[in-house]
Amino acid sequence: MRVKIVIIVLCVILTVSFVFAQDSSDVRMVSRMYDYWHATNGVDVQGDYAYVASGLSGLQVVDISNRDEPEVVGAWNTRLSPGIVAVSGDIACVALWDISSIGVAAILDISNPTQPEVVGAIDSIGLNEMEGSVDAMWIEGNALFVTSSYRVYIFDLADPTEPRQMSYLGEMEDCYSVQGDYLYTSTRGNGFREYFMVIFDISDLANPVETGRCDIEGHPYVIDVHGDYVYASSH
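None of these values were measured; they are calculated from a predicted model.

Undergrad: Looking at this structure, how should I read the overall build of the protein?
TA: Looking only at helices and strands, one finds 1 helix and 19 strands in the protein. A burial count over the protein gives 42% of its 235 residues as buried. Taking contacts inside the protein between residues at least 6 apart in sequence as the whole, the part at least 24 apart equals 35%. Summed over all atoms, the accessible surface of the protein reaches about 13000 Å², with 48% contributed by carbon and sulfur.

Right under this line is the structure:
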């Protein structure tokens, strides 16, 4: 695989300068929802709906078809402290900070956004060596990617009522990006401040295969992929 990799190392000063250099003359806030819930821990948007993981206020569904007047139209009322939400099609996956009764994540049917309904869950037993809480999650097709404690876990969501772990990648850092059949992440080397960009072929989700790596100067925080280029920020 031939991939052109561009590593962009940004210090805080340059980052701030870049942000303020943008043309912001046409940027304005059109509306906001303020002081509605216990917290706003995570948001994902699909179509005319925003799904908000709101801590002790559960999962809130907001109709944003009218951007000037967003309106709460549904909710999954739980006190299990949703912290992260990922939405795709008729499925929402919600990471829970209080895992005592359901597990580390709940899977909801959102075919009717006004009435989200729990149909499945991912518990700590099914995560093998998983430790700690969920750091990030996203959905690609029928696959759910969950990151926790420097590992990436991949689940099959073909049957949302019975999610099945297919594989996991160990000793990874906390930044990831997926494009097509490839997952881009980073890992720590043996030397001081030694890090690598690592590329995995995930065309077979049950058997991810490393296809390449390169040095990164400093600790990477964000990786993103556009076309033939990978962009990474580090310090």
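Undergrad: Help me understand the pattern of salt bridges in this model?
TA: A pair can form between side chains of opposite charge whenever their charged atoms are brought close. Throughout the structure, instances matching the rule amount to 2 salt bridges. The partner of D156 in a salt bridge is R164, and the shortest N-O contact between them spans 3.1 Å. Classification of R164 by relative accessible area gives partly exposed; the value is 47%. Across the pair E210 and R213 runs a salt bridge, and its minimum N-O distance is 2.8 Å. What makes E210 partly exposed here is its relative accessible area of 37%. Residue classification places R213 among the partly exposed residues on the basis of a relative accessible area of 44%.

Undergrad: Would you explain the sheet that holds strand 5 (residues 71–76) in this entry?
TA: Sheet strands pair via backbone hydrogen bonds, and the direction of the pair is either parallel or antiparallel. Taken together, 4 strands build an open sheet; the order of strands is 2-3-4-5 and the sheet is antiparallel. Two strands lie at the open edges of the sheet, namely strand 2 (42–46) and strand 5, each paired on one side alone. Within this sheet the neighbouring strands show an average axis-to-axis angle of 25 degrees, counted without direction. Looking at chain direction, strand 3 (residues 49–53) and strand 4 (residues 59–63) are connected through 5 bridges and run antiparallel. Note on strand 4: the bridge partner recorded for V52 is Q60.

Undergrad: Would you explain the side chain of D63 in this entry?
TA: Mapped onto the fold, D63 is located in strand 4. We note that D63 is buried and unpaired, the nearest opposite charge coming from R67 at a distance of 6.7 Å. Polar contacts involving the side chain of D63 include one to the side chain of S65, which spans 2.7 Å. Leaving out residues up to four positions away in the same chain, D63 has contacts with D48, Y49, E69, P70, E71 and V73.

Undergrad: I keep staring at the sheet that holds strand 6 (residues 82–88) and nothing clicks. Help me out?
TA: Strand order in this open sheet of 4 strands is 6-7-8-9, and the pairing throughout is antiparallel. Each having just a single partner strand, strand 6 and strand 9 (117–122) make up the two edges of the open sheet. Neighbour to neighbour, the strand axes of the sheet diverge by 25 degrees on average, direction disregarded. Pairing geometry for strand 6 and strand 7 (residues 91–96), over 6 bridges, is antiparallel.

Undergrad: Sorry, what's going on with the environment of Y182 here?
TA: Within the secondary structure, Y182 sits in strand 15 (residues 182–188). Residue Y182 is classed as partly exposed on the basis of its relative accessible area of 23%. As for Y182 and I199, which are separated by 17 residues in sequence, their C-alpha atoms are 6.6 Å apart.

Undergrad: Would you explain the pairing of strand 11 (residues 143–148) in this entry?
TA: Across a regular strand the side chains alternate sides, sitting on one face of the sheet and then on the other. With respect to burial, strand 11 is a largely interior element, 6 of its 6 residues being buried. What you see with strand 11 is no split at all: A143, F145 and T147 on one side and L144, V146 and S148 on the other are buried throughout. Note: strand 10 (residues 136–140) against strand 11, 5 bridges, orientation antiparallel. From the neighbouring strand, A136 faces strand 11, where its bridge partner is T147. Between strand 10 and strand 11, which follow one another and run antiparallel, lie 2 residues, and G141 among them has a positive phi close to 65 degrees. Looking at chain direction, strand 11 and strand 12 (residues 151–156) are connected through 6 bridges and run antiparallel.

Reading the values: the criteria
- Think of each chain on its own: its residues are numbered from 1, step by step along the sequence as written.
- Two thresholds apply to this predicted model, a pLDDT of at least 70 for residue-level local features and 80 or more for giving and counting side-chain atom pairs, whereas whole-chain, interface and lining totals are computed over all residues.
- In computing side-chain properties, one takes all heavy atoms of the structure into account and sets aside hydrogens as well as water.
- Runs of E in the DSSP output that reach at least two residues are strands. Runs of H or I that reach at least four are helices, and both are numbered from the N terminus.
- A 1.4 Å probe rolled over the protein chains alone gives each residue an accessible area, and that area as a share of the maximum for its type sets the label: buried under 20%, exposed over 50%, partly exposed in between.
- By definition, residues are in contact when any of their heavy atoms lie within 4.5 Å.
- The protein chains shown are the only cover counted for residues, whose accessible areas, like all others here, come from Shrake-Rupley with a 1.4 Å probe.
- Salt bridge, as used here: a side-chain nitrogen of Lys or Arg that lies within 4 Å of a carboxyl oxygen of Asp or Glu.
- Here, strands pair whenever DSSP counts at least two bridges between them.
- Here, axes are lines fitted to C-alpha atoms. For helices the fit covers the stretch in contact, and angles between N-to-C directions go from 0 to 180 degrees.
- Charge counting follows a simple rule: Lys and Arg are positive, Asp and Glu are negative, and His as well as the terminal groups are ignored.
- N or O atoms within 3.5 Å of each other form a polar contact, as long as, within protein, one can give a hydrogen and the other can take it, and as long as residues adjacent in sequence are counted only when both atoms are side-chain atoms.

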